[in-house]
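This is what each chain is made of:
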Amino acid sequence: MTTIAPAPALRGDYGAAAADYTVPQRHAGVTPAEHATWRALHARQSALFGRHAARAFREGVAALDCAGGVPDLDRASEALRRTGWRLVAVPGLIPEDAFFAHLAARRFPVTHWLRRPEEMDYLEEPDIFHDFLGHVPLLTDPAFADFLHGYGEAGAFAQAQGALRPLARLYWHMVEFGLLLEDGAIRAYGAGILSSATETVHATEGPVPRLRFDAARVLRTEYRIDDLQPLYFVIEDFRELFGLLRGLEAALLRARDADPIAPGAVLAADTPL
Ligand SMILES: [Fe+2]
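Residues numbered from 1 in each chain as written. Predicted model: local features only at pLDDT ≥ 70, side-chain atom pairs only at ≥ 80, totals over all residues.

In the sheet, strand 3 (residues 179–182) pairs with strand 6 (residues 232–235) via 2 bridges, with the strands oriented parallel. Bridging from a neighbouring strand, Leu 179 pairs with Val 234 of strand 6. In the sheet, strand 5 (residues 210–212) pairs with strand 6 via 3 bridges, with the strands oriented parallel. Bridge pairing in strand 6 links Arg 212 to Val 234. The handedness of the strand 5 to strand 6 crossover, carried by helix 10 (residues 215–220), is right-handed. (Pairing = 2+ DSSP bridges. Helix = DSSP H or I, 4+ residues; strand = E, 2+ residues; numbered from the N terminus. Right-handed = clockwise from strand over helix to strand, strands pointing away.)

Within the fold, Ala 185 resides in strand 4 (residues 185–188). Spatially, the C-alpha atom of Ala 185 lies 30 Å from that of Pro 260, the residues being 75 residues apart in sequence.

Further remarks concern the environment of Pro 91. Position of Pro 91 relative to the elements: it lies in the loop between strand 1 (86–90) and helix 4 (96–104). For Pro 91, a count of 21 C-beta atoms within 10 Å gives the class buried. Pro 91 sits 68 residues away from Val 23 along the chain, and the two C-alpha atoms are 6.8 Å apart. When sequence neighbours within four positions are dropped, the list of residues in contact with Pro 91 reads Gly 12, Asp 13, Tyr 14, Ala 17, Tyr 21, Val 23 and His 112. (Buried ≥ 20, exposed ≤ 12 C-beta atoms within 10 Å, placed from the backbone. Contact = placed C-beta atoms within 7 Å.)

Attention shifts here to the sheet that holds strand 5. Picture the strands of a sheet paired through backbone hydrogen bonds; they go either parallel or antiparallel. The 4 strands lie next to each other as 4-3-6-5, forming an open sheet whose pairing is mixed. Since the sheet does not close on itself, it has two edges, and those belong to strand 4 and strand 5, each with one partner. Within the sheet, the average angular offset between the axes of one strand and its neighbour, ignoring direction, is 40°. Strands strand 3, strand 4 and strand 6 of the sheet are contacted by helix 9 (residues 197–205), whose axis makes an angle of about 150° with strand 4. (Axes fitted to C-alpha atoms, helices over the stretch in contact; angles between N-to-C directions.)

A few words now on the packing of helix 1 (residues 32–52) against helix 9. Between helix 1 and helix 9, whose axes approach to 10 Å, the crossing angle comes to 10°. It follows that helix 1 is roughly parallel to helix 9 by the angle criterion. The crossing of helix 1 and helix 9 is left-handed. Contacts from Arg 44, Gln 45, Leu 48 and His 52 of helix 1 reach helix 9 at Ala 197, Thr 200, Val 201 and Thr 204. Looking at the contact of helix 1 with helix 9, its residues break down into 3 nonpolar, 4 polar and 1 charged. (Parallel < 35°, antiparallel > 145°, perpendicular 65-115°, else oblique. Left-handed = near helix turned anticlockwise from the far one by under 90°. Nonpolar A, V, L, I, M, F, W, Y, C, P; charged D, E, K, R; others polar.)

Turning to unusual backbone geometry, a few remarks are in order. Of note in this structure, Asp 65 is not a glycine but carries a positive phi near 50°. Mapped onto the elements, Asp 65 comes out in the loop between helix 2 (55–64) and helix 3 (73–78). Its 11 C-beta neighbours within 10 Å are what place Asp 65 among the exposed residues. Positive phi values are uncommon outside glycine, yet Arg 106 reaches one of about 55°. On the secondary structure map, Arg 106 appears in the loop between helix 4 and strand 2 (107–111). Given 17 C-beta atoms within 10 Å, Arg 106 falls into the partly exposed group.

Judged by nonpolar contacts, the single largest core of 71 residues is most densely connected at Phe 57, Val 110, Ala 188 and Leu 252. Ranked by residues supplied to this core, first place goes to helix 6 (residues 142–160) with 7 residues. Every residue in contact with Ala 188, bar those within four places of it in the chain, is listed here: His 52, Ala 53, Ala 54, Leu 179, Ile 193, Leu 194, Thr 200, Ala 203 and Thr 204. (Core = buried A, V, L, I, M, F, W, Y, C linked by C-beta atoms within 7 Å.)

That's the geometry; what it means functionally is another story.
Structure representation (structure tokens):
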């Protein structure tokens with residue numbers, strides 16, 4: 001899930017959505033062909049998880065037990081009871097204020113439609129495969145789940161202070177494209193990485209800078225949305241993300257007032273891993 005305002009080019013039916021942009025999932029209406037596409041996508045990605053995905057992510061995938069077909073969001077929400085999150089269906093990308101409000105209420109919005117078979121490799125909008133298999137596994141991890149809740153709570157402040165850009169950078173680099181140093185190896189946990197076969201290998205083993213996480217640096221770092229990422233940030237524990245919430249408002253204001261850092265730029269002060 002990324003956050004831009006709905007535009008006419010988006011695929012979802014926004015006319016059918018409630019004021020908070022939720023829609024019924026209508027899981028019973030998922031076709032056998034869609035379930036087959038899901039199984040193919042899931043099999044291809046999960047074959048990469050053993051080598052490339054963080055342990056907490058792999059455990060989340062196992063808990064969700066969703067290899068057999070497009071998941072039922074209400075049923076899957078049962079697996080999130082321990083962290084207090086719930087999944088809601090949406091038509092696709094939703095406006096920032098609605099997105100933050102869902103996260104702040106521990107609701108994760110999941111696009112209800114699945115890509116077509118000819119879109120296995122690339123899709124411009126997030127679909128249920130990206131939103132679910134990419135994002136939901138880590139909602140079973142208490143530290144990450146608490147971070148994402150606090151992230152949502154920061155949305156209203158950022159909006160009022162003209163600091164949405166740094167907040168969006170935090171989501172991009174650490175929720176969509178975050179890496180974890182685990183048992184001496186670089187593993188992926190970000191949804192944008194782990195829902196893409198190409199990016200999964202590129203992010204963890206490709207010839208690309210992987211920098212030790214620095215919150216102030218991340219909040220200033222611009223990104224590209226149309227290609228593999230030119231650099232990644234690495235944490236050692238999800239508690240690092242939760243810890244940055246404490247000073248987040250002040251950090252957002254500093255980042256708002258600082259010069260942005262170009263996508264892919266490596267600075268003298270960086271710590272490459
Ligand atoms: Fe996403």
